[in-house]
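Structural description and commentary
Letter by letter, the chains look like this.
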Amino acid sequence: QVLLLLSGLYISNIGQIMKIAPDEIFDADSFDNPVIGIAADMGVHDSGRHSHLRHQLLFSAAGSITIELEQALCLLPPRRAVWIPAGTVHRAIMRGVMAYRSLYFSSSLPLSDLPMHIVEVNPLFFEVIERMAFWSWDMPAVQQASLITVFCEELRASRSENWTLQFPSDPRLDVWLEQLRMGALPPRLNQLSQRVGACEKTISRIFIRDTGMNYQHWRQQFRLLKAMEMLADGSPGSQVAQHLEFVSDSAFIAFFRQHTGTTPARFTGK
C-alpha cells in the first residue's frame, strides 16, 4: 500500500510509489485505463471549481462532503455515493472526512446516460467501490472488466436519495446567496424581503420558478442539509440546534426525524 501526499492529504494506491507535492493536483484524466481509483484519509480540503473528462464517483465512509454546483448545493452524507457525470463543473469541500474514495471512469464506458445523483451504498456496492479504490493504476483493462460490469449493475440498481438544493438564479438574490455560501443562514421570508428590497410575494414567485419549491420549504431543506453536514462532521446535536436557531433541542430532533426518518443521534451512529 502506497501513500500519496496531496495538499496534506494521504492518498493510497497499490502498485505505484509516488509522492505528490502540496501544490500539485491529482489528474485522473492523464490515465488511460477504464477506471482509476484513489483512497484517502482526508483532513480539511477544498478542491476548487473544476471538472473532469471522466465520470466520477465520490464516497465517504465517515464525514460529509459538500459539493457546490453552478446553481445548486449538494450534500453527500456518510455511506452514500454521488455520481458526477463527465464535464460537470463542481467544487468538493471536506472537513475531516475519513475513508474517502474517488473513482474515475472513462467516458467510453456505458454510463454516460446517468445524471448526477446520490445513491445509497449497500454492502456489496461498498465492497466493489473499496476494491476499485485500491487496485493498481497500471492494472490491465481486461482485468478490470468483470468488476466494472458489477459496478454498473450496482450503480443502476441503487436507491437514489435527494440531498440537493437548487439555488435561485434571479440577480436580485446574488449578494444574499454569496453570503449563504460564506456561512450565513437563510432568514425568515419577511427578513429576506427587507434585505433584498423585494416584496414577499415576489420572492416566493422567484423561488417557485427557479427551485420548484416555495421559500419556506427551501429554507427548511437548507437547514436540514446544514444539520446533516454538521452532525456528520462531529458537532453535537445541541450545538447544531443552537446554530440553526431552533427554539429547543427537542424541536430540532422532531424536525430532523420528520425529514430523515431517524434521530440526529442515530444518524451519527451514537
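Per-chain numbering applies: the sequence of each chain, read as written, is numbered from 1 onward. In keeping with the model being predicted, local features are shown solely for residues with a pLDDT of at least 70 and side-chain atom pairs are shown and tallied solely at 80 or more, while totals for entire chains, interfaces and linings include all residues. Note that the side-chain values use all heavy atoms of the structure and ignore hydrogens as well as water.

1. Remarks on the pattern of salt bridges
- Every case where a carboxyl oxygen of Asp or Glu lies within 4 Å of a side-chain nitrogen of Lys or Arg is listed as a salt bridge. Taken as a whole and assessed by the stated rule, the structure comprises 13 salt bridges.
- Among the ionic pairs, Arg80 bridges to Glu161, the shortest N-O distance being 2.9 Å. Residue Arg80 is located in strand 8 (residues 80-84), and its partner Glu161 is located in strand 12 (residues 160-161); the two are separated by 81 residues in the primary sequence. Note on accessibility: Arg80 and Glu161 belong to one class, buried.
- A salt bridge links Glu229 to Lys226; the nearest nitrogen and oxygen atoms lie 3.0 Å apart. In this text, helices come from DSSP runs of H or I with a minimum length of four residues, and strands from runs of E with a minimum of two, each type numbered from the N-terminal end. Burial classes: relative accessible area under 20% of the type maximum marks a residue as buried, over 50% as exposed, and values in between as partly exposed (1.4 Å probe, protein chains only).

2. Re the nonpolar core
- Membership of the largest hydrophobic core comes to 54 residues, with the highest contact counts inside it found for Tyr100, Trp176, Phe207, Trp218, Met228, Phe252 and Phe256.
- Here this core takes 10 residues from helix 6 (residues 215-232), the largest share from any one element.
- By convention a nonpolar core is built from buried Ala, Val, Leu, Ile, Met, Phe, Trp, Tyr and Cys residues, the set being connected through side-chain atoms within 4.5 Å. Residues Leu103, Met139, Leu147 and Ile148 belong to the second largest nonpolar core, which totals 27 residues.

3. What to know about the packing of helix 4 (residues 189-196) against helix 5 (residues 200-211)
- Between N-to-C directions, angles cover 0 to 180 degrees, with each direction set by a line fitted to C-alpha atoms, over the stretch in contact for helices. Two numbers describe how helix 4 lies on helix 5: the axes approach to 9 Å, and their chain directions differ by 100 degrees. By the angle between their axes, helix 4 is roughly perpendicular relative to helix 5. On the side of helix 4, the interface is formed by Leu189, Asn190, Leu192, Ser193 and Val196, while helix 5 contributes Glu200, Ile203, Ser204 and Phe207.
- In this classification, Asp, Glu, Lys and Arg are treated as charged, Ala, Val, Leu, Ile, Met, Phe, Trp, Tyr, Cys and Pro as nonpolar, and every other residue, Gly included, as polar. Its residues placed into classes, the contact of helix 4 with helix 5 shows 5 nonpolar, 3 polar and 1 charged. Roughly parallel here means an angle under 35 degrees, roughly antiparallel means over 145, roughly perpendicular means 65 to 115, and every remaining angle is called oblique. It only takes one pair of heavy atoms within 4.5 Å for two residues to be counted as in contact.

4. Considering the sheet that holds strand 9 (residues 91-95)
- Taken together, 5 strands build an open sheet; the order of strands is 4-9-6-7-13 and the sheet is antiparallel. The sheet is open, and its two edges are formed by strand 4 (44-46) and strand 13 (164-166), each paired on a single side. With strand direction ignored, the average angle separating the axes of adjacent strands in the sheet is 15 degrees.
- Bridge analysis of strand 4 against strand 9 gives 3 bridges, and the strand direction is antiparallel. A pair of strands is treated as paired once DSSP finds two or more bridges between them.

5. Let's talk about the packing of aromatic side chains
- Side-chain rings of Phe, Tyr and Trp, where Trp is taken by its six-membered ring, are said to pair if the distance between their centres is within 6.5 Å; with planes under 30 degrees apart they count as stacked, over 60 as edge-to-face, and otherwise as tilted. In this structure the tally under the stated criterion is 18 aromatic pairs.
- Taken together, a centroid distance of 6.3 Å and an interplanar angle of 50 degrees make the contact between Phe167 and Trp218 tilted. One end of the pair, Phe167, is in the loop between strand 13 and helix 3 (174-181); the other, Trp218, is in helix 6, and 51 residues separate them in sequence. Taken individually, Phe167 and Trp218 each receive the classification buried, so the pair is uniform in this respect.
- Judged by centre distance (6.2 Å) and plane angle (20 degrees), the rings of Tyr215 and Trp218 are stacked. Taken together, the residues Tyr215 and Trp218, both in helix 6 and 3 residues apart, mark about one turn of the helix.
- We classify Trp218 as buried; its relative accessible area is 0%.
- Every member of this aromatic cluster is reached through a ring pair, and the members are Phe167, Trp176, Phe207, Tyr215, Trp218 and Phe222.
- We call a charge positioned over a ring when the NZ of a Lys or the CZ of an Arg lies within 6 Å of the ring centre and within 35 degrees of the ring normal. One cation-aromatic arrangement involves Arg181 over Phe167; the distance from NZ or CZ to the ring centre is 4.7 Å.

6. Here we look at the pairing of strand 11 (residues 117-120)
- For strand 8 and strand 11, the ladder comprises 4 bridges, and the chain directions are antiparallel. Residue pairing across strands places Trp83 opposite His117, the latter belonging to strand 11.
- When strand 11 meets strand 12, the two strands line up antiparallel, connected through 2 bridges. In the sheet register, Val119 faces strand 12, and the bridge partner there is Ser160.

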